[in-house]
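Chain residues, written in single-letter form:
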Amino acid sequence: MQKNLTFLLHIHPKKVSKASIRYTYTYGLGGMTALLILLQFFTGILLKFVYIPLPSKAYDSILFLQHQVLFGQYVRNIHHLGGVMLIILAFLHLMRVFFTEAFHPPVRSGNWIIGLCMFLLLMFSNFTGYLMPWDQLSYWAVTVVTNMFSYIPLIGPHLTGFIRGGTDVTGATLMNFFNFHTAIIPLTLIILMTFHFWKVRKAGGVAPPRPRSEKEKRLVSSYPGLVVREAVVALTLLAFLFILAVFKDAPMHERANPAFSPNPVKAPWYFIGIQEMLMHFHPFVGAILIPVTILGFLFYLPWIHYPKNNAGIWFSSPLGRKVAGVSALIALGLTPLLIIADEYWIHFNLWFPSLPSIISEGLFPVVFYGILFYLYLLFLRKRYHPNTNEIVQAIFAFFLMTYTVLSLTGLFFRGPGMMLMWPWQIAP
Ligand code: HEM
């Protein structure tokens, strides 16, 4: 038995700490992400046998797959749902790594950076796949999102042209996306994933948590301790996905019509928070400056000066857990208030009509929000006296909740003309 597991036993160290294989430490999220990536490759290859990446044929080839090919609809459902779950699981894995501080240099910082690159690649992979059905939903969502790139100063319009393969979303865009989706991204992912695993292995496994008992201080053999737990998580995930795919069909709307845009046009769910920010900030600020600043913060994270290396401890300390919770609650209350205030009462552009929009809709809202953010930090410092480890956890929790509320608003509370309304007032 042990012989057949040589491969798995090479991926893991021979012995791991008993505390680190507790289900509630990593939740097996990295492994689940890896498994889903492999499943996406497999189902993607099956789809390639039928799919034709031409505007005149793409839509019909998917209809053919769904109605004429044995299990065609089912394989498409698994690929679609797997793609959605992949982003969610990879993000949860990122959060696990973040909130257990498993990013400290020199051992884990490199893997944090590789992980971030993989996460961006996964989003890009999902986004390029989004266009494949060539229906109204995908065509216009891709038009909206690729348009966001044009707000990058100087290179923006060229970049949009490059991604689209011209000025509009056309057959050239479909071909570009197809090649990225089915060749360039999977290949890059495989390379990065191998490197990622190797670095976890080189670090001696995951950052060990503090043992809760004498028993947990022991080192145990990876097999069966870790491998069996991984098998349980993997089989549960597959069972869940395969059952869900029986009942939940991948979406397919009317054939793409470049002459008629639906109302509203929404970005894919993982970008919809950025689209919501465009409702409140100048496009350069909402689509570029804020996302790039947050990404910069994430990339720089391991090299901030921390008083302690608390790798392996959820939320860094009990106080870290508290300030992260308080921050999430503040963001949960504040963000909807600000969205409503901006929609109905705050109109910098009308109050200062002679100023350029980058000032009235860009600088002013940023300064306004910056002051509120500063007051929040001041409150945390005065009330809880957190150290840098805990403050970083708190800020991340704050922005995480803010982005979640923005995304939910965009998904469920924006109707025709992107007007703010109740979900039941919006036609399905
Ligand atoms: C996208 C595909 C990804 C795959 C397949 C993957 C896979 C894994 C696996 C299997 C582990 C070891 C077990 C575990 O922690 O669950 C791991 C650990 C790790 N991952 Fe990922 N990961 C991915 C993305 C990410 C992302 C987005 C980040 C963060 C930005 C990240 C950062 C790390 C770090 C720092 C470790 C070491 C954790 C520790 O030592 O405790 N990974 N990854």
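Residues numbered from 1 in each chain as written. Predicted model: local features only at pLDDT ≥ 70, side-chain atom pairs only at ≥ 80, totals over all residues. Heavy atoms only, no water.

**Some remarks on the coordination of the iron atom of the ligand**
Put simply, the rule is: We call an atom a donor if it is N, O or S and sits within 2.8 Å of the metal, or 3.2 Å for Na, K and Ca. Water is not counted, so some sites may look partial. Metal sites are grouped by the angles between bound donors: all angles between 85 and 135 degrees with four donors is tetrahedral, opposite donors over 155 degrees apart with the others between 65 and 115 is square planar for four donors and octahedral for six, and any other pattern is irregular. Strands are runs of DSSP state E lasting at least two residues, helices are runs of H or I lasting at least four, and both sets are numbered from the N terminus onward. Buried means the residue's accessible area, taken with a 1.4 Å probe over protein chains only, is under 20% of the maximum for its type, while exposed means over 50%, and partly exposed covers the values in between.
Coordination of the iron atom of the ligand by the protein comes from His 93 (NE2) and His 196 (NE2), over a distance range of 2.0 to 2.1 Å. For the iron atom of the ligand, the 6 donor atoms are set out with angles of 88 to 179° between them, so the coordination reads as octahedral. Here His 93, found in helix 5 (residues 72–99), pairs with His 196, found in helix 9 (residues 171–202); they are 103 residues apart in sequence, far enough to count as distant. Residue classification places His 196 among the buried residues on the basis of a relative accessible area of 12%.

**Examining the site of the ligand**
To keep it simple, the criterion reads: Only heavy atoms are used to decide nearness, and a residue is near a molecule or strand if one of them lies within 4 Å of it. Any pair of N or O atoms that falls within 3.5 Å is considered a polar contact. Within protein, one atom must be able to donate a hydrogen and the other to accept it, and sequence-neighbouring residues count only if both atoms are side-chain atoms. Gly is put with the polar residues, along with every residue not named as nonpolar or charged; the nonpolar set is Ala, Val, Leu, Ile, Met, Phe, Trp, Tyr, Cys and Pro, and the charged set is Asp, Glu, Lys and Arg.
Residues in close proximity to the ligand total 25 residues, the closest being His 93, Arg 96, Arg 108, His 196 and Ala 207. Take Arg 108: an N or O atom from its side chain is 2.4 Å from an oxygen atom of the ligand. Ala 207 places a polar main-chain atom, nitrogen or oxygen, 2.8 Å from an oxygen atom of the ligand. Listing elements by their share of the shell around the ligand, those giving two or more residues are helix 3 (29–48), helix 5, helix 6 (109–130) and helix 9. Here the shell around the ligand takes 7 residues from helix 6, the largest share from any one element. Class assignment for the residues of the shell around the ligand results in 15 nonpolar, 8 polar and 2 charged.

**Focus on the domain arrangement of the protein**
By convention, interface size is frequently given as the accessible area that disappears when the constituent parts associate. Put simply, the rule reads: Source of the domain bounds: an automatic or database domain assignment. We call two residues in contact whenever any of their non-hydrogen atoms come within 4.5 Å of each other. Accessible surface is computed with a 1.4 Å probe, and the buried area is the amount of it that two parts give up when combined, taken over both parts together.
Taken domain by domain, the protein consists of domain 1 (1–270) and domain 2 (278–428). Counting residues at the interface gives 34 residues for domain 1, matched by 35 residues for domain 2. Approximately 3000 Å² of surface area, both sides summed, lies buried where domain 1 meets domain 2, with 72% of it carried by carbon and sulfur atoms. The largest per-residue losses of area from domain 1 upon contact with domain 2 belong to Phe 98, Phe 99 and Glu 101, which jointly make up 22% of the total buried on that side. Here domain 1 and domain 2 share 13 residue pairs in polar contact (both at pLDDT 80 or more) between them. Of all the elements in the fold, those that place two or more residues in the side of domain 1 that touches domain 2 are helix 2 (23–26), helix 5 and helix 6. For the side of domain 1 that touches domain 2, the class distribution of residues is 25 nonpolar, 5 polar and 4 charged.

**Notes on the pattern of salt bridges**
Stated precisely, the cut-off is as follows: Salt bridges are counted wherever a side-chain nitrogen of Lys or Arg sits within 4 Å of a carboxyl oxygen of Asp or Glu.
The final tally for this structure, using the stated rule, is 5 salt bridges. Linking Arg 255 and Asp 60 is a salt bridge whose minimum nitrogen-to-oxygen distance equals 3.0 Å. Within this pair, whereas Arg 255 is found in the loop between helix 10 (222–247) and helix 11 (272–278), its partner Asp 60 is found in helix 4 (residues 58–68), the two being separated by 195 residues in sequence. A relative accessible area of 40% places Arg 255 in the partly exposed class. When the shortest N-O distance is used, the salt bridge between Glu 343 and Arg 414 registers 3.3 Å. A residue pair is termed long-range when its members are at least 10 positions apart, and Glu 343 in helix 13 (residues 318–344) and Arg 414 in the segment after helix 16 (388–412) qualify at 71 residues.

**Here's the deal with the nonpolar core**
Here is the rule we go by: Remark: nonpolar core denotes a set of buried residues (Ala, Val, Leu, Ile, Met, Phe, Trp, Tyr, Cys) joined through side-chain atoms within 4.5 Å.
Formed by 80 residues in total, the largest nonpolar core has its most connected members in Leu 36, Phe 98, Phe 99, Trp 112, Trp 134, Phe 271 and Phe 396. Among the elements that take part in this core, helix 5 stands out by supplying 12 residues, more than any other. Setting aside residues up to four positions removed in sequence, Phe 99 forms contacts with Ile 313, Trp 314, Phe 315, Ser 316, Gln 393, Phe 396, Ala 397 and Leu 400. Formed by 11 residues, the second largest nonpolar core is a distinct cluster that contains Ala 331, Phe 373, Ile 391 and Ala 394.

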